[in-house]
Amino acid sequence: MESIIVKGGRKLSGEVTVGGAKNSALPLIAATLLAENGRTLLENIPDLRDINTIIRLLAGMGAEITRSEGKLEISTTAIDNCQAPYELVKTMRASILVLGPLLARFGEARVSLPGGCAIGARPINLHIKGLEQMGAEIEVEHGYIIGKAGRLKGADISFDLTTVTGTENLMMAAALADGVTHLRNAAREPEIIDLAVCLRKMGAKIEGDGTHTIIITGVEKLTGCEYQVMPDRIEAGTFMVAAGISDGDIVIKNTPLAALDGVVSKLQEIGLEIEPLTKFSEDQPLAGIPVRIRRRNSTLQALDIKTMPYPGFPTDMQAQVMTLLTLISGTSVISETIFENRFMHVFELQRMGADIEVDGRTAIVRGVEKLSGAPVMASDLRASAGLILAGLAAEGETVMSRVYHLDRGYSGFEKKLKALGANIKRIKE
Ligand code: EPZ
């Protein structure tokens with residue numbers, strides 16, 4: 001097991017580059033299952049545990065994959081089975097993203113139920129309901145989703161809830177369906193646009209991505225393409241908070257600023273200066289640009305946060321901003337509307353001296369003068385990032401165990417923070 005040790009008090013400075021977006025790379029890799037011929041070359045793939053998991057998943061189906069640095073070359077012409085086994089799916093819920101492509105291309109799939117995870121039950125009923133509307137027959141037995149389908153048919157699908165991977169799964173399935181599919185109340189996350197742009201390069205006919213209604217006209221087949229994954233907006237947001245909490249002054253060289261409206265507006269309201277150093281190009285809004293972050297003045301402002309589907313404030317930034325708010329005098333109220341159990345970091349922050357009261361999906365944060373370093377335990381991916389940010393500002397030493405949670409979504413996080421001046425290292429226990 002590994003731990004990360006942080007000694008607080010350093011002001012971060014310098015430049016940092018964020019990796020490719022985990023939540024874009026995962027559906028993009030799943031989408032290669034749709035390509036009947038040709039190889040797909042994906043660039044700017046982040047080096048993360050979750051990426052390794054989905055690569056193992058596709059390789060187990062017979063995909064030919066070569067990986068060098070941040071590049072993945074995938075051919076799925078030789079797929080010889082459509083199984084996604086429990087051993088892999090249980091470590092990464094996003095494995096469910098292979099279900100739509102497998103049914104669309106091969107007419108069959110046997111995918112382990114993902115099961116819940118630390119932050120909530122996270123059902124996939126909306127994925128299954130949409131696929132059944134497209135003509136798939138789906139049984140659930142012995143913990144597996146067993147799907148069968150002739151050629152899927154276009155359907156008019158309205159999501160009861162906005163679901164990111166549900167939208168992605170059904171957009172991929174509809175790309176090869178017979179007829180037109182409408183996805184209503186679709187998620188609008190930038191990663192969905194990234195996926196749609198790549199699918200169009202593979203030959204898919206998709207419009208409306210990034211809006212609440214996506215229209216997909218199915219085609220007979222798709223072919224491989226070359227595509228560059230967008231920069232990770234959540235990693236960028238995490239470094240923005242790192243600059244704020246350490247009273248530092250940093251430049252994030254490839255910030256997908258256009259994908260961070262909900263985060264930037266709140267951090268500016270708190271009192272951070274977020275200054276783009278060049279203009280982003282209108283025709284490539286998801287590309288990264290250099291952005292400088294520092295405090296506008298010494299006192300920061302407490303405020304209320306409510307997590308919402310994009311373009312609202314993202315739930316994946318809730319733990320990180322809560323950490324910042326614990327040190328800002330006044331009272332901040334955080335409402336977590338997306339997941340039912342995404343406050344596990346609260347108990348660890350309380351051990352560091354934070355004054356937080358949880359009532360269901362609401363956390364009341366009262367600012368304290370200081371946090372004190374302590375041994376803490378990571379519970380999920382974004383909570384672990386939040387605890388490290390707390391360690392940057394705490395007095396003394398913080399030791400965070402269960403670092404594998406962090407490695408699922410952040411590549412070399414402690415190395416990047418160390419390069420910005422933090423007193424941080426990883427140890428093997
Ligand atoms: C995606 O998860 C992200 N993961 C999550 O990021 C992110 O927190 C989440 O979207 C919300 O933005 C990936 O993209 C791989 P949802 P997803 O389906 O798609 C309910 C991270 O830290 N729901 O949008 O699984 C669900 O329970 C991870 O990088 C149903 O009820 O989330 C939740 O309350 C964590 N039935 C809400 O919808 C369904 O069939 C939104 O979930 C599907 C979802």
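Residues numbered from 1 in each chain as written. Predicted model: local features only at pLDDT ≥ 70, side-chain atom pairs only at ≥ 80, totals over all residues. Heavy atoms only, no water.

A. Structural detail: the overall build of the chain. When helices and strands are tallied, the chain shows 14 helices and 26 strands. Scaling as 2.2 N^0.38, a compact globule of 429 residues should have a C-alpha radius of gyration of about 22 Å, and the chain matches this with 21 Å. Each principal axis of the C-alpha atoms in the chain carries an extent, and together these give about 65 × 45 × 40 Å. Taking all 429 residues of the chain together, 55% fall into the buried category. In the chain, the proportion of contacts linking residues at least 24 apart, taken out of those at least 6 apart, comes to 74%. Total accessible area computed for the chain in this model is approximately 16,500 Å², and 48% of it derives from carbon and sulfur atoms. Charged side chains in the chain number 47 positive and 52 negative. The centres of these two groups are separated by 3 Å. (Helix = DSSP H or I, 4+ residues; strand = E, 2+ residues; numbered from the N terminus. Rg over C-alpha atoms; globule rule 2.2 N^0.38 Å. Buried < 20%, exposed > 50% of the residue type's maximum accessible area, 1.4 Å probe, protein only. Contact = heavy atoms within 4.5 Å. Areas by Shrake-Rupley, 256 points an atom, 1.4 Å probe, with all protein chains shown as cover. Lys, Arg positive; Asp, Glu negative; His and termini not counted. Charge placed at Lys NZ, Arg CZ, Asp CG, Glu CD.)

B. Local environment of the packing of helix 8 (residues 233-245) against helix 10 (residues 318-325). Between helix 8 and helix 10, whose axes approach to 10 Å, the crossing angle comes to 5 degrees. Compared by their axis directions, helix 8 and helix 10 come out roughly parallel. Residue-level contacts link Ile234, Thr238, Val241, Gly244 and Ile245 of helix 8 to Gln320, Val321, Thr323 and Leu324 of helix 10. (Axes fitted to C-alpha atoms, helices over the stretch in contact; angles between N-to-C directions. Parallel < 35°, antiparallel > 145°, perpendicular 65-115°, else oblique.)

C. The arrangement of the sheet that holds strand 23 (residues 362-366) in detail. As summarised here, the arrangement of the four strands in space is 20-21-23-22, forming an open sheet in which the pairing is mixed. Strands at the two margins of the open sheet, each flanked by one partner only, are strand 20 (305-306) and strand 22 (355-359). Strand contacts of helix 10: strand 20, strand 21 (331-335), strand 22 and strand 23, with the helix running at about 170 degrees to strand 21, the strand carrying the most contacts. (Pairing = 2+ DSSP bridges.)

D. Layout of the layout of surface pockets. Reported here for the second largest pocket is a volume of approximately 390 Å³. Contributing to the lining of the second largest pocket are 20 residues, with Ile245, Arg295, Leu300, Leu327 and Glu369 lying nearest its centre. A per-class count over the lining of the second largest pocket returns nine nonpolar, six polar and five charged. (1 Å grid on protein atoms, 1.4 Å probe; cavity = no way out; pocket = protein on both sides within 12 Å on 5 of 7 lines; lining within 4 Å. Points joined across faces, edges and corners; volume = space filled by probe spheres on them. Nonpolar A, V, L, I, M, F, W, Y, C, P; charged D, E, K, R; others polar.)

E. Representation of the nonpolar core. If you look at the biggest cluster of nonpolar residues, it comprises 81 residues, and the most contacted ones within it are Val98, Met171 and Leu199. In this structure, Leu257, Ile293, Met322 and Leu417 belong to the second largest nonpolar core, which totals 67 residues. (Core = buried A, V, L, I, M, F, W, Y, C linked by side-chain atoms within 4.5 Å.)

F. Structural context of a negative patch on the surface. A cluster of acidic residues, Glu132, Glu137, Glu139 and Glu141, forms a negative patch on the protein surface. Its place among the elements puts Glu139 in strand 9 (residues 137-141). (Patch = residues over 30% accessible without salt bridge, like charges linked within 9 Å, V, L, I, M, F, W, Y side chains within 5 Å. Salt bridge = Lys/Arg side-chain N within 4 Å of Asp/Glu carboxyl O.)

G. Broad picture of the sheet that holds strand 2 (residues 13-16). Strand order in the open sheet formed by four strands is 2-17-19-18, and the pairing between neighbours is mixed. Among the strands making up the open sheet, the edge pair consists of strand 2 and strand 18 (272-276). Direction aside, the axes of adjacent strands within the sheet are offset by 15 degrees on average. Pairing of strand 18 with strand 19 (residues 289-295) involves five bridges; the strand directions are antiparallel. Each bridged residue has a counterpart across the sheet, and for Leu272 the counterpart in strand 19 is Arg295.

H. Looking closely at the side chain of Asp232. Topologically, Asp232 is positioned in the loop between strand 16 (226-228) and helix 8. Comment: no salt bridge for buried Asp232; closest opposite-charge side chain is Arg382, at 5.0 Å.

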